[in-house]
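Next come the chains, spelled out residue by residue.
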Amino acid sequence: MSGAAEGQYVTFSLGDEVFAAPVGLVREILTYQAPSRIPNGPDYLLGLTDVRGRGVPTADLRIRLGMTPVEPTLNTRILVLDIPLEDRTLSLGLVADRVFEVTAFTADQIEPSPDIGVKWRSDYISGVVRRDEGFVVLIDLPRLLSSTDAVSMASFSEVDRAA
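Each chain has its residues counted from 1, following the order in which its sequence is written. Residues qualify for local features only when their pLDDT is at least 70, as the model is predicted, and side-chain atom pairs are given and counted only at 80 or more; totals for whole chains, interfaces and linings, by contrast, use all residues. Side-chain measures here rest on the full set of heavy atoms in the structure, leaving out hydrogens and waters.

Visitor: It is not clear to me how the sheet that holds strand S7 (residues 89-96) should be interpreted in this structure. Could you clarify?
Guide: Picture the strands of a sheet paired through backbone hydrogen bonds; they go either parallel or antiparallel. Here the rule is simple: two strands pair whenever DSSP picks up at least two bridges between them. Put simply, DSSP H or I for four residues or longer makes a helix, DSSP E for two residues or longer makes a strand, and each gets a number counted from the N terminus. What the five strands build is an open sheet, ordered S3-S6-S7-S5-S4; its pairing is mixed. At either end of the open sheet lies a strand with only one pairing partner, and these are strand S3 (26-31) and strand S4 (45-51). Averaged over neighbouring strand pairs, the angle between their axes works out to 30° when direction is ignored. Bridge count between S3 and strand S6 (residues 77-84): five bridges; the pairing is antiparallel. Paired with Glu 28 across the bridge in S6 is Val 80. Only C-alpha atoms enter the line fits that serve as axes; for helices the fit covers just the stretch in contact. Angles between N-to-C directions range over 0 to 180 degrees.

What follows is the structure, encoded as structure tokens:
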């Protein structure tokens with residue numbers, strides 16, 4: 001996948017940074033509730049969130065991207081995503097400081113991921129869209145979750161199913 005495709009995106013923020021994920025990956029958006037902790041998980045894995053009777057691993061995207069964690073506010077949301085991986089679909093909750101809107105980006109709006117001085121590795125970025133108020137970073141969720149992350153997240157889902 002060389003870059004982002006045009007289409008509908010959900011925009012959300014982590015601090016002053018604005019990100020977008022393809023709307024097709026977003027199953028639902030929940031008001032933040034503290035996930036149930038899981039021992040020995042990666043530092044960014046907050047625990048499991050009950051989504052319609054099923055435990056969904058929930059990650060703090062700030063920590064995964066090397067940003068400073070913050071306390072949840074009334075605007076904090078959990079984006080419940082279904083992320084296609086090579087051999088399965090991973091259900092995952094990602095904590096965002098705020099969710100803004102669903103918006104369309106056309107192919108001519110999406111620029112390749114240049115070195116724009118962001119603090120994390122650019123291989124997680126499938127493209128950027130320039131807006132008056134700054135850039136919207138189109139995040140490549142399957143690439144953000146390396147294979148080891150995906151295996152560890154899936155194992156937490158398996159534990160929940162077995163319980």
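Visitor: Explanation requested: the pattern of salt bridges in the structure shown.
Guide: Side chains bearing opposite charge may pair, as long as their charged atoms lie close to each other. When a carboxyl oxygen of Asp or Glu lies within 4 Å of a side-chain nitrogen of Lys or Arg, that pair is called a salt bridge. What the rule picks out here adds up to six salt bridges. A salt bridge links Asp 82 to Arg 27; the shortest N-O distance between them is 2.8 Å. Residue Asp 82 is located in strand S6, and its partner Arg 27 is located in strand S3; the two are separated by 55 residues in the primary sequence. Residue Asp 82 is classed as partly exposed on the basis of its relative accessible area, which comes to 25%. Note that Arg 88 is salt-bridged to Asp 87, the shortest N-O span being 2.7 Å. Burial classes follow relative accessibility: with a 1.4 Å probe on protein chains only, a residue under 20% of its type's maximum area counts as buried, one over 50% as exposed, and anything between as partly exposed. Residue Arg 88 is classed as partly exposed on the basis of its relative accessible area, which comes to 29%. Overall, the relative accessible area of 64% leaves Asp 87 in the exposed class.

Visitor: What is the right way to read the nonpolar core from this model?
Guide: In globular proteins that are soluble, nonpolar side chains generally tend to be buried together. Side-chain atoms within 4.5 Å link the members of a nonpolar core, which is a set of buried Ala, Val, Leu, Ile, Met, Phe, Trp, Tyr and Cys residues. By size, the foremost hydrophobic cluster in this structure holds 28 residues, and its most contacted members are Leu 61, Leu 65, Leu 81 and Leu 141. Every element with two or more residues in this core is listed here: strand S1 (7-14), strand S2 (17-22), S6, S7, strand S10 (125-131), strand S11 (134-139) and helix H2 (141-144). For this core, the element with the most residues is S7, which contributes four residues. Contacts between residues were defined by any pair of non-hydrogen atoms, one from each residue, lying within 4.5 Å. In contact with Leu 141, not counting residues within four places along its chain, are Ala 21, Leu 25, Leu 81, Ile 83 and Leu 94. Formed by eight residues, the second largest nonpolar core is a distinct cluster that contains Tyr 9, Ile 110, Val 129 and Leu 138.

Visitor: Sorry, what's going on with the packing of aromatic side chains here?
Guide: Between 30 and 60 degrees the pair is tilted, below 30 it is stacked and above 60 it is edge-to-face, where a pair is any two Phe, Tyr or Trp rings, Trp via its six-membered ring, whose centres lie within 6.5 Å. Within this structure, the stated rule accounts for two aromatic pairs. On the basis of an interplanar angle of 40° and a centroid distance of 5.4 Å, the ring pair of Tyr 9 and Phe 105 is categorised as tilted. Here Tyr 9 is found in strand S1, whereas its partner Phe 105 is found in strand S8 (residues 98-105), with 96 residues between them in sequence. With respect to class, Tyr 9 is no different from Phe 105; both count as buried. Ring geometry for Phe 12 and Phe 19: centres 5.8 Å apart, planes at 20°, overall stacked. For the pair shown, Phe 12 and Phe 19 are each scored as buried. Criterion for a charge above a ring: Arg CZ or Lys NZ at most 6 Å from the ring centre, at most 35 degrees from the ring normal. When the ring centre of Tyr 44 is taken as reference, the NZ or CZ atom of Arg 64 above it lies at 5.4 Å.

Visitor: Please clarify how the environment of Arg 143 should be interpreted in this entry.
Guide: When you line up the elements, Arg 143 lands in helix H2. The exposure class assigned to Arg 143 is partly exposed, which follows from its relative accessible area of 48%.

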